[in-house]
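Chain by chain, the residues run as shown.
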Amino acid sequence: MSCLIAAPCSGSGKTLLSLTLAAVARARGETIQPFKVGPDYLDPQLLGAVAGRPCRNLDPLLCGEEWVRRCYRWHGSRAGRVLVEGVMGLFDGRGSGSEGSSAAVADLLELPVVLVVEASRQAGSLAALVRGFRDHGPPRVALAGVVLNRVGSDRHHRLLAEALEAIEVPLLGVLPSHPSLELPSRHLGLLTPGELGDLGERQRIWAQLAEEHLDLGQLWPLLAPPSGATERLDPIRWCLEQAPPAPPIAIATGPLPVAIASDAAFHFRYPEAQELLAACGLRPVPWSPLADEPLPADCRAVLLPGGYPELHAAQLAASRRSLDSLSAAARAGLPVVAECGGLLLLGRELEDGDGIRHSMAGLLPFSARRGALSLGYRQALPGADGLLVRRGEALCGHEFHRWQLQPGPPLGDALAEVEGLWHLDGWGTPARIEGWTAPTVHASWLHLHWAGCPAIPSRLARAAASAVPRPRSAVSCSPLSGRPPRPTNAGA
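Worth saying up front: this structure is predicted, and the values here are computed from it rather than measured.

Observations concerning the overall build of the chain
When helices and strands are tallied, the chain shows 16 helices and 22 strands. Out of the 492 residues belonging to the chain, those deemed buried represent 57%. Sequence-distant contacts in the chain: of pairs separated by 6 or more residues, those separated by 24 or more amount to 76%. For the chain, the accessible area works out to roughly 19300 Å², and carbon and sulfur atoms hold 52% of it. Of note, the chain has its 45 positive side-chain charges centred 4 Å away from the centre of its 48 negative side-chain charges.

Thoughts on the packing of aromatic side chains
The description of two aromatic rings rests on the distance between their centres and on the angle between their planes. Following the criterion strictly, the structure yields 6 aromatic pairs and no others. With a centroid separation of 5.4 Å and 35 degrees between ring planes, the pair formed by F366 and W436 is classed as tilted. Remark: W436 occurs in strand β21 (residues 429-438) and F366 occurs in strand β18 (residues 366-382); sequence separation between them is 70 residues. In this structure F366 comes out as buried when scored by relative accessible area, which is 1%. W436 gets classed as buried once you look at its relative accessible area, which sits at 15%. Members of the aromatic cluster, connected to one another through ring pairs, are Y41, F268, Y270 and Y308. The ring of W74 is capped by R78, whose NZ or CZ atom sits 3.4 Å from the centre of that ring.

What to know about the sheet that holds strand β3 (residues 56-58)
The parallel open sheet is built from 7 strands, whose spatial order is β3-β2-β4-β1-β5-β6-β7. Every other strand in the sheet has two partners, leaving β3 and β7 (171-175) as the edge strands with one partner each. Put simply, the sheet's adjacent strands are angled 25 degrees from each other on average, direction ignored. Sheet analysis places strand β1 (residues 4-6) next to strand β4 (residues 81-85), joined by 2 bridges and oriented parallel. Residue pairing across strands places L4 opposite V84, the latter belonging to β4. In this fold helix α5 (residues 102-109) packs onto β1, β2 (32-37), β3 and β5 (113-118), with an angle of close to 165 degrees to the strand it touches most, β1.

What about α5?
The buried fraction of α5 amounts to 6 of the 8 residues, a majority that puts the element mostly inside the structure. Those residues of α5 that fall on the buried side of the exposure criterion are S102, A103, V105, A106, L108 and L109. Close packing links the buried residues of α5 with β1, β2, β3, α3 (60-63), α4 (65-76) and β5. Taken from the residues just after α5, E110 is the one with a positive phi, measuring 60 degrees.

A short note on the nonpolar core
In terms of nonpolar packing, the biggest core is built from 83 residues, with V130 and W450 touching the most fellow members. Beyond its immediate sequence surroundings of up to four residues, W450 is in contact with C239, A273, L276, L277, L303, I456, P457 and L460. If you look at the next biggest cluster of nonpolar residues, it comprises 40 residues, including W287, L295, L363 and A368.

Digging into unusual backbone geometry
The omega angle of the peptide bond from G137 to P138 is 0 degrees, so this bond is cis rather than trans. Relative to the elements of secondary structure, P138 occurs in the loop between α6 (125-135) and β6 (143-149). Of note in the backbone geometry, R150 takes a positive phi value of approximately 60 degrees without being a glycine. Turning to its location among the elements, R150 is positioned in the loop between β6 and α7 (154-166). Of note, the phi angle at D292 is positive, near 60 degrees, even though the residue is not glycine.

Overview of the side chain of S374
Structurally, S374 is set in strand β18. Of the polar contacts made by the side chain of S374, one reaches the side chain of Q404; its length is 2.9 Å. Ignoring any residue separated from it by four or fewer positions in sequence, one finds S374 in contact with E399, F400, H401 and Q404.

Some points on the confidence of the model for the chain
Model confidence for the chain is summarised by a mean pLDDT of 90, while 92% of its residues fall at 70 or above. Scored below 50 in pLDDT, residues 473-492 shows 42 contacts in the model against residues more than four places distant or in partner chains.

Some words on the environment of G228
When you line up the elements, G228 lands in the loop between α9 (216-219) and α10 (235-241). On a C-alpha basis, the gap between G228 and F133 in space is 29 Å, while along the polypeptide they are 95 residues apart.

Considering the side chain of H75
Along the chain, the position of H75 falls in helix α4. Judged by relative accessible area, H75 falls into the buried class, the value being 14%. In contact with H75, other than residues within four places in its own chain, are Q33, F35, R56 and P235.

Here is what the cut-offs are and how they apply
- Residues numbered from 1 in each chain as written.
- Predicted model: local features only at pLDDT ≥ 70, side-chain atom pairs only at ≥ 80, totals over all residues.
- Heavy atoms only, no water.
- Helix = DSSP H or I, 4+ residues; strand = E, 2+ residues; numbered from the N terminus.
- Buried < 20%, exposed > 50% of the residue type's maximum accessible area, 1.4 Å probe, protein only.
- Contact = heavy atoms within 4.5 Å.
- Areas by Shrake-Rupley, 256 points an atom, 1.4 Å probe, with all protein chains shown as cover.
- Lys, Arg positive; Asp, Glu negative; His and termini not counted.
- Charge placed at Lys NZ, Arg CZ, Asp CG, Glu CD.
- Phe/Tyr/Trp six-rings, centres within 6.5 Å; stacked < 30°, edge-to-face > 60°.
- Lys NZ or Arg CZ within 6 Å of the ring centre and 35° of its normal.
- Pairing = 2+ DSSP bridges.
- Axes fitted to C-alpha atoms, helices over the stretch in contact; angles between N-to-C directions.
- Core = buried A, V, L, I, M, F, W, Y, C linked by side-chain atoms within 4.5 Å.
- Polar contact = N/O pair within 3.5 Å; in protein donor to acceptor, adjacent residues only side chain to side chain.
- pLDDT = per-residue confidence, 0-100.

This is the structure:
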């Protein structure tokens with residue numbers, strides 16, 4: 001049975017412990033499957049890079065409890081070791097409750113908890129803190145032990161060990177102070193693996209530090225894969241079986257290519273998105289706006305995931321071949337899905353962190369600039385039928401961004417006149433109408449996990465099958481003017 005690595009709060013060191021354990025597994029020649037609780041994109045990228053296999057998110061709010069169980073059992077049973085990293089504090093969930101929290105997932109999957117405590121400014125008080133997390137509930141958790149972070153000295157270590165011994169909680173080791181364990185970050189989280197040029201060397205050091213400072217004799221059994229009967233049905237297939245019945249898609253020429261923006265500006269996506277697209281008869285094709293690539297000539301749809309376009313605004317603005325091909329294809333009716341950071345590419349202007357404005361694709365009537373943080377789960381109720389969603393369908397998504405939209409005058413073309421996508425509501429945030437939707441457009445701040453809304457990939461596949469592929473001669477032209485006829489709604 002695996003464990004869930006949690007902490008009293010963010011910044012305590014649970015990601016560091018997860019990375020060091022994954023590094024040890026790789027150094028020992030063992031396979032390890034990482035999981036991450038919640039809607040995170042950045043921690044999973046690091047965990048996946050160190051583990052050598054995609055990290056899977058376990059989020060019962062976005063995907064439902066049954067998906068979480070099936071995903072954990074399916075992927076966990078295919079590796080020699082398994083670890084699950086929690087999110088925020090152990091009992092932090094939606095709003096002020098524990099719904100969707102690390103504790104809720106530990107309870108759902110019957111996983112013991114390893115608590116990582118940042119202990120730099122405490123001694124005997126550690127016992128009170130750990131006892132509180134051990135005994136709090138619901139849900140109650142089974143505490144397997146504690147790993148201490150930022151222990152100052154051997155004397156400090158002895159004080160903390162005695163405090164834990166007094167409440168009969170095992171000490172499973174410490175994370176020492178070391179430069180390799182200082183992970184750089186920015187406004188939405190940790191840097192990506194590609195930005196850590198020394199990740200391979202860090203991984204070697206992490207494995208060595210773990211062997212020296214962690215009690216691997218106690219921790220290693222807590223990384224065992226799921227016991228009992230293994231999952232027999234691939235969760236991707238199971239997920240699509242839950243979608244509403246839909247007309248079959250006739251694809252005579254093989255999988256249809258779908259362009260997915262994939263570079264340093266656009267990389268916030270769950271691995272299941274591409275897997276679901278492939279299972280629906282589509283072929284994901286990476287496309288780099290930052291490299292000023294035109295859209296693939298034969299692509300049938302475009303996916304613009306979240307990321308950090310605000311950090312690359314000048315380079316994106318200079319990528320006119322990419323922006324012009326996107327604008328021309330969208331105005332001609334090619335299906336376009338934009339989520340969070342991907343939405344920013346569709347506006348008139350994007351301000352960078354220095355307040356300098358840069359021109360974007362100009363498909364939607366807004367400019368974007370840095371503003372207040374928007375963070376949390378959102379209940380979304382579509383107000384109209386569109387490319388991906390249908391009126392009245394209740395969905396759960398997650399919002400996490402610091403850039404905000406400044407509405408501008410109408411653009412006077414078809415894309416600018418699409419209706420509001422949905423009514424968003426969340427704990428502690430005003431309800432509002434948000435997003436753009438049409439038969440060929442879905443653009444919103446909201447991150448969705450498609451495992452929790454399985455009709456979406458099949459609807460996109462049907463729209464792609466009805467779309468006319470763009471010939472190469474038309475891909476790199478300037479944006480088209482006028483109002484092309486809107487295609488009929490191809491989805492259920």
